[in-house]
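Residue strings, one per chain:
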Amino acid sequence: VTCMSSTHSHGVSTVMVLSARLLTGGSLKTLQSMERSAELEDLIVPRRVRGRCRTICSVCCCCWITFLAVILTCILVRHFQRGALLTPMLEVINTADYCNDRETGTCAATLPSGDVRRFDLLREERPLFGFLFVQVANRSAETMRLLFCGAHVVISDPDASAYEFLIHRPGAHRRISSHASDEPQFGIPEGRVVRTLLVGRLENVSWFQLEGSSWNPFQKPGASLGHALDTIEYFITGRNVGPLGTSSHTDKEPLKLGLVLNATACSPDCPADVDAITQ
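The model shown is predicted, which means the values in this text are computed figures rather than measured ones.

Points about the overall build of the protein chain
Part 1: Along the backbone of the protein chain there are 10 helices and 10 strands.
Part 2: Taking as baseline every contact in the protein chain between residues at least 6 positions apart, the subset at least 24 positions apart corresponds to 62%.
Part 3: Accessible surface, the protein chain as shown: approximately 16000 Å² in total, 60% of it carbon and sulfur.

A look at a nonpolar patch on the surface
Part 1: On the surface, W64, F67 and L68 cluster together into a nonpolar patch covering about 360 Å² of accessible area.
Part 2: One can find F67 in helix α2 (residues 28–82).
Part 3: Of the residues examined, F67 reaches a relative accessible area of 45% and is grouped as partly exposed.

So, a negative patch on the surface
Part 1: Taken together, the side chains of E164, D182, E183 and E203 define an acidic patch exposed on the protein surface.
Part 2: Here E164 falls in the partly exposed class, since its relative accessible area comes to 37%.

Some thoughts on the state of the cysteines
Part 1: Applying the stated rule across the entire model yields two disulfides.
Part 2: Here C99 pairs with C270 through a disulfide, and the sulfurs are 1.9 Å apart. With the S-S dihedral at roughly 95 degrees, the linkage between C99 and C270 falls on the right-handed side. Here the residue C99 occupies a position in strand β1 (residues 97–101), and C270 occupies one in the segment after α10 (262–265), the gap between them amounting to 171 residues. Like C270, C99 is buried.
Part 3: The side chain of C107 participates in a disulfide bridge whose partner is C266; the two sulfur atoms lie 1.7 Å from each other. The sign of the S-S torsion, about 115 degrees, decides the handedness of the disulfide formed by C107 and C266: right-handed. With C107 in strand β2 (residues 106–110) and C266 in the segment after α10, this pair connects stretches of sequence that are 159 residues apart. In terms of burial, C107 and C266 fall into one category: buried.
Part 4: In the protein chain, numbering the disulfide-bonded cysteines from first to last in sequence yields the connectivity 1-4, 2-3.
Part 5: Cysteine C61 shares no disulfide, and the gap to the nearest cysteine sulfur, in C57, comes to 6.5 Å.

Some words on helix α9 (residues 221–237)
Think of an α-helix as 3.6 residues a turn; residues three or four steps apart then line up on the same face.
Part 1: With 17 residues, α9 extends 24 Å between its outermost C-alpha atoms, agreeing within 8% with the 24 Å of an ideal straight helix rising 1.5 Å per residue.
Part 2: Taken residue by residue, α9 has S224, G226, H227, L229, D230 and E233 as its buried positions.
Part 3: Of the residues trailing α9, G238 is marked for its positive phi of about 75 degrees.

Reading guide: rules and limits
Residues numbered from 1 in each chain as written. Predicted model: local features only at pLDDT ≥ 70, side-chain atom pairs only at ≥ 80, totals over all residues. Heavy atoms only, no water. Helix = DSSP H or I, 4+ residues; strand = E, 2+ residues; numbered from the N terminus. Contact = heavy atoms within 4.5 Å. Areas by Shrake-Rupley, 256 points an atom, 1.4 Å probe, with all protein chains shown as cover. Patch = residues over 30% accessible without salt bridge, like charges linked within 9 Å, V, L, I, M, F, W, Y side chains within 5 Å. Salt bridge = Lys/Arg side-chain N within 4 Å of Asp/Glu carboxyl O. Buried < 20%, exposed > 50% of the residue type's maximum accessible area, 1.4 Å probe, protein only. Lys, Arg positive; Asp, Glu negative; His and termini not counted. Charge placed at Lys NZ, Arg CZ, Asp CG, Glu CD. Disulfide = S-S within 2.5 Å. Expected span 1.5 Å × (residues − 1).

What follows is the structure in C-alpha cells.
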C-alpha cells in the first residue's frame, strides 16, 4: 500500500510539472523528454524497494541457517560424547558390593573411592544406585544400561514407598516437565556424569528417568540450555536423552519393571560407620 501510494503521488506530481510546462510555453521535445524521465523514475523506484526487500530477506535467511547449524552441531557433539563413560560406569555398578541400608530400607552400593571421584558420585547416592541396580534392574547390566541411557521406567508402587524414597534423596527439588503425574515431580541432581533423576507418580505406579541435563533455569541456566538441546534432539529422533545415551523407551512406550523387596535383595546389613561403606 505504501509503495502504491508513493507511486501514485509521484505520478500526480509529474502531471503537475508537465501541466506547468505547458502553461509556461515549454517545447514539445522538452515535454516528451520529461515524460520519459518520469516514466523511468516510476520504474526505478519500485525496483529499488524490491531490491532492499530481497537484501533483508537474504540476511534473515542467512541468520536463521547459521542459528540452526549451530544448534544441530551442538546436538551432534553432545550426542557422540554422551556414551563415552557408559561402559566404565556399568562396570563399576556391576562389580560393586551391595548391602542392606537400614536407614533407607533399601540396598546400598559399596563404591571404590577412586570411582566415586571419577564419576562425581556422592556418598549419599549409595542407596540410590543400590536401589536402581539391585531392586529395580534386578542386577541386570543390560537393564541398567537402559536406565543410564534415559529410559522412562515405570514400577508398580501401590503404597508409594519407592516414590517417597526417591523424592527424599539429597538435593531433591520440585520441578515441572512434560510428563503426566498425579503427584509433584522432583528433580534430583546426580553430578556431572549421571546428571539428574526425574521422578513422578501416576495412579498406582511410580515413574522415573535419568536425564541428560537438569531443568532449573534460574539456578542452573547452563544445564537448562543443555536440557533444551536434549528436548530438540528428542523431537528430532523420538528417543529419550539420558546422561550416557539415548533410549526408545519414552513415556509412550515405557520400560515396565518389577520391584525386588529389600529383604530378598541385599545382605548383610551395611556397616554403621559411613566411611566403611566406601572402599
